[in-house]
Amino acid sequence: MPGSPYVIDYRGTFDFDLPPEAMWNALEQSERFEGWWGWLREFRLDGDGLRAGSVLRGLVSPPVPYQMRVSVLLDTCTRPQCIDASVSGDLEGDAHLHLEPRGTGTRADVAWTVEMRQRPMRIAARVASPLLRWGHDRVVEATVAEFRSNLNRQTKALGT
């Protein structure tokens, strides 16, 4: 239902200073996710790392008065290039991550189309869709900035 006030259709491109293999290694550190991102609670990975069939589960607590339980089934994982996933729970849809070498770093293209399924979220979207989308984009920006900061901190700690 693209164009629906209940659907978030997002595309973003971000550059990082690490090569794709190092980025993938960082993404495999799922035990650190809750510490990296304050909006994530009760996170767990069911499966053997970033592999097709694994499921990421958690409670998303954005800076709005509701929380969302989500599960992310990893449909396709090609190390260190891409992840295609199916999202279910309070959000439903699909998500994609593509990592591409850029010089000595990585360009990360992300995309998702998810529909808000919770009744309170749908009501809010009906009356304040632009505000919800603006908030979503700020959370994405903060998430990327925090991930970048953690990558830099980790790289310095390893002396690389």
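Details of the structure are given in the entry above.
This one's a predicted model, so the numbers in the text were calculated from it and none came from an experiment. (Residues numbered from 1 in each chain as written. Predicted model: local features only at pLDDT ≥ 70, side-chain atom pairs only at ≥ 80, totals over all residues. Heavy atoms only, no water.)

Undergrad: Could you give me a rundown of the sheet that holds strand 6 (residues 91–102), with the residues and numbers involved?
TA: One open sheet accounts for 7 strands, arranged 1-7-6-5-4-3-2; its pairing is antiparallel. At either margin of the open sheet sits one strand with a lone partner, and together these are strand 1 (7–16) and strand 2 (40–46). Neighbouring strand axes in the sheet, compared pairwise and without regard to direction, differ in orientation by 15° on average. Sheet topology places strand 1 next to strand 7 (residues 105–116); 10 bridges connect them, and they run antiparallel. Considered in strand 7, the bridge of Asp-9 is made with Thr-113. Across the face of the sheet, helix 1 (residues 20–27) comes into contact with strand 1, strand 4 (68–78), strand 5 (82–89), strand 6 and strand 7 while running at roughly 145° to strand 6. (Pairing = 2+ DSSP bridges. Helix = DSSP H or I, 4+ residues; strand = E, 2+ residues; numbered from the N terminus. Axes fitted to C-alpha atoms, helices over the stretch in contact; angles between N-to-C directions. Contact = heavy atoms within 4.5 Å.)

Undergrad: Describe empty space enclosed by the protein, and please don't skip the residues or the numbers.
TA: Overall, the coordinates contain 1 cavity of 30 Å³ or more when judged by the stated rule. Considered as a void within the structure, the largest cavity measures approximately 30 Å³ in volume. Forming the boundary of the largest cavity are Pro-5, Val-7, Ile-8, Met-116, Ala-125, Ser-129, Leu-132 and Arg-133. Put simply, the parts of the chain that give the lining of the largest cavity at least two residues each are strand 1 and helix 3 (119–158). Looking at the lining of the largest cavity, the element that brings in the most residues is helix 3, giving 4 residues. Residues of the lining of the largest cavity, tallied by class, amount to 6 nonpolar, 1 polar and 1 charged. (1 Å grid on protein atoms, 1.4 Å probe; cavity = no way out; pocket = protein on both sides within 12 Å on 5 of 7 lines; lining within 4 Å. Points joined across faces, edges and corners; volume = space filled by probe spheres on them. Nonpolar A, V, L, I, M, F, W, Y, C, P; charged D, E, K, R; others polar.)

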